[in-house]
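Residues per chain, in single letters:
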Amino acid sequence: KSSISPLRKINNVINSYAIARQKEIDALQKNAEFRREFIADISHELKTPIFATQGYIHTLLDGAIDDKQVRMKFLKRAAKSLDSLDNLVQDLLTLNQMESGVIKFVYTDFDLKEVIDEVIEELEHKASKRKVNISFKYDSDKSYVTHADRQKIYRVCQNLIFNAVKYNHDEGEVKISLKTQKNHIQVDIKDDGQGIPPEDLKRIFERFYRVEKSRNKKEGGTGLGLAIVKHILEGHKSKISVSSTVGKGSIFSFSLPLVKEKELEKNIEVD
Ligand code: ADP
């Protein structure tokens, strides 16, 4: 009864097998390419602080060490380069551990408002060359308690708020707002800095992707901050979104579950 001849049947089976194999090969090739690129990126990023430190130390050894002023200046710069190397390795380890699932998320109930307050305080303590006005808006009579990994959410807020300052201009503004929706708390971090061109917007969450390589390098970031943010939020089944206009600024947003007061009481009772 069948209208398909046995030969065609065999042909179809072979075809679908070939297609499946080709897909596997493509995936493997893509993976290999990704690894090659990644290793090239890491090597490049590591080289920068290593070269700088080497340069300062060799210059000192070549005689600059005899001048006290030069000695202090070069040692300070070498120390700074080593600090950025340390940050880079630390960020790489964090990303790697998150990807391989070694880092477990520790969920607790905590106030998101407090976390943002702490980040702002940390920022104020850091002697920044750039004067940026930071304002933080929320309804004081509302609760912003969420259920998440506090330490990791601190990191998310820290990376986003620090970026909003870093990529701003002098006397620029950063507006942070907290809003509660039905079951969620939305965090918006808005800056009026340089903004991000549309073609880069899709890629800024990739490791080491920078919009303007040379200028941003001076800011001393590792290029991994947003990749870490994306990972942490994905781990919370949330995601980061961004909208940006060149010359006007950017808004980075994410949301986390809102713990209603009733649930909070219930949790305390259970504890
Ligand atoms: P970096 O260490 O370079 O800051 P990130 O992963 O945090 O790395 O950010 C990646 C890139 O995205 C930055 O180099 C910068 O070009 C761009 N970027 C991030 N945040 C902002 C922002 N608020 N305004 C403009 N550009 C930004």
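The structure reproduced in this document is the subject of the present report. (Residues numbered from 1 in each chain as written. Predicted model: local features only at pLDDT ≥ 70, side-chain atom pairs only at ≥ 80, totals over all residues. Heavy atoms only, no water.)

### Considerations on the environment of Gly 223
Part 1: Its location among the elements puts Gly 223 in the loop between helix 6 (213–217) and helix 7 (225–235).
Part 2: Distance from Gly 223 to Phe 208, taken between C-alpha atoms, is 4.2 Å for residues 15 residues apart in sequence.
Part 3: With residues near it in sequence (within four places) discarded, Gly 223 still touches Glu 206, Arg 207, Phe 208, Tyr 209 and Arg 210. (Helix = DSSP H or I, 4+ residues; strand = E, 2+ residues; numbered from the N terminus. Contact = heavy atoms within 4.5 Å.)

### Side note on the packing of helix 4 (residues 150–166) against helix 7
Part 1: The geometry of helix 4 relative to helix 7 is characterised by a closest axis approach of 9 Å and an angle of 145° between their N-to-C directions. Along this stretch, helix 4 crosses helix 7, giving a crossing that reads as left-handed. Within the contact between the two elements, helix 4 uses Lys 152, Ile 153, Arg 155, Val 156, Asn 159, Leu 160 and Asn 163 and helix 7 uses Gly 225, Leu 226, Ile 228, Val 229, Ile 232 and Leu 233.
Part 2: Residues belonging to the contact of helix 4 with helix 7 are distributed by class as follows: 8 nonpolar, 3 polar and 2 charged. (Axes fitted to C-alpha atoms, helices over the stretch in contact; angles between N-to-C directions. Left-handed = near helix turned anticlockwise from the far one by under 90°. Nonpolar A, V, L, I, M, F, W, Y, C, P; charged D, E, K, R; others polar.)

### Observations concerning unusual backbone geometry
Excluding glycine, a negative phi dihedral is what most residues carry, and trans is how most peptide bonds are arranged.
Part 1: Within the chain, Glu 171 stands out as a residue other than glycine whose phi angle is a positive 65°.
Part 2: Within the element layout of this structure, Glu 171 appears in the loop between helix 4 and strand 4 (172–180).
Part 3: Phi is positive for Lys 237, which is not a glycine, with a value near 60°.
Part 4: Inspection of the secondary structure assignment puts Lys 237 in the loop between helix 7 and strand 6 (241–245).

### Brief notes about the side chain of His 236
Part 1: Within the fold, His 236 resides in the loop between helix 7 and strand 6.
Part 2: A polar side-chain atom of His 236 sits 3.0 Å from the main-chain amide nitrogen of Asp 149.
Part 3: Of note is the side chain of His 236, whose polar atom sits 2.9 Å from the backbone oxygen of Ile 232.
Part 4: Residues contacting His 236, with those up to four places away along its chain left out, are Phe 105, Tyr 107, Ala 148, Asp 149, Ile 153 and Leu 256. (Polar contact = N/O pair within 3.5 Å; in protein donor to acceptor, adjacent residues only side chain to side chain.)

### Side note on helix 7
Part 1: Where helix 7 is concerned, the buried positions are Gly 225, Leu 226, Ala 227, Ile 228, Val 229, Ile 232 and Leu 233.
Part 2: Next to the buried residues of helix 7 lie helix 2 (68–99), helix 4 and strand 7 (249–257).
Part 3: Immediately downstream of helix 7, the backbone of Lys 237 shows phi near 60°, a positive value. (Buried < 20%, exposed > 50% of the residue type's maximum accessible area, 1.4 Å probe, protein only.)

### Quick look at the pairing of strand 4
Part 1: The sheet contact formed by strand 2 (residues 132–137) and strand 4 spans 6 bridges and is parallel. Bridge pairing in strand 4 links Ser 135 to Lys 175.
Part 2: As paired elements, strand 4 and strand 5 (residues 184–191) share 7 bridges and run antiparallel to each other. Each residue of the ladder has a partner; that of Val 174, found in strand 5, is Asp 191. (Pairing = 2+ DSSP bridges.)

### Digging into the sheet that holds strand 4
Part 1: An order of 2-4-5-7-6 is seen for the 5 strands of this open sheet, with the pairing classed as mixed. If you trace the sheet from one side to the other, it starts and ends with strand 2 and strand 6, each paired once. Recorded for the sheet is a direction-independent mean angle of 15° between the axes of neighbouring strands.
Part 2: Here helix 3 (residues 112–125) sits on the sheet and contacts strand 2, strand 4, strand 5 and strand 7; the angle it forms with strand 2, its principal contact strand, is near 170°.
Part 3: Each of strand 2, strand 4, strand 5 and strand 7 is contacted by helix 4, which is oriented at about 170° to strand 7, the strand it contacts most.

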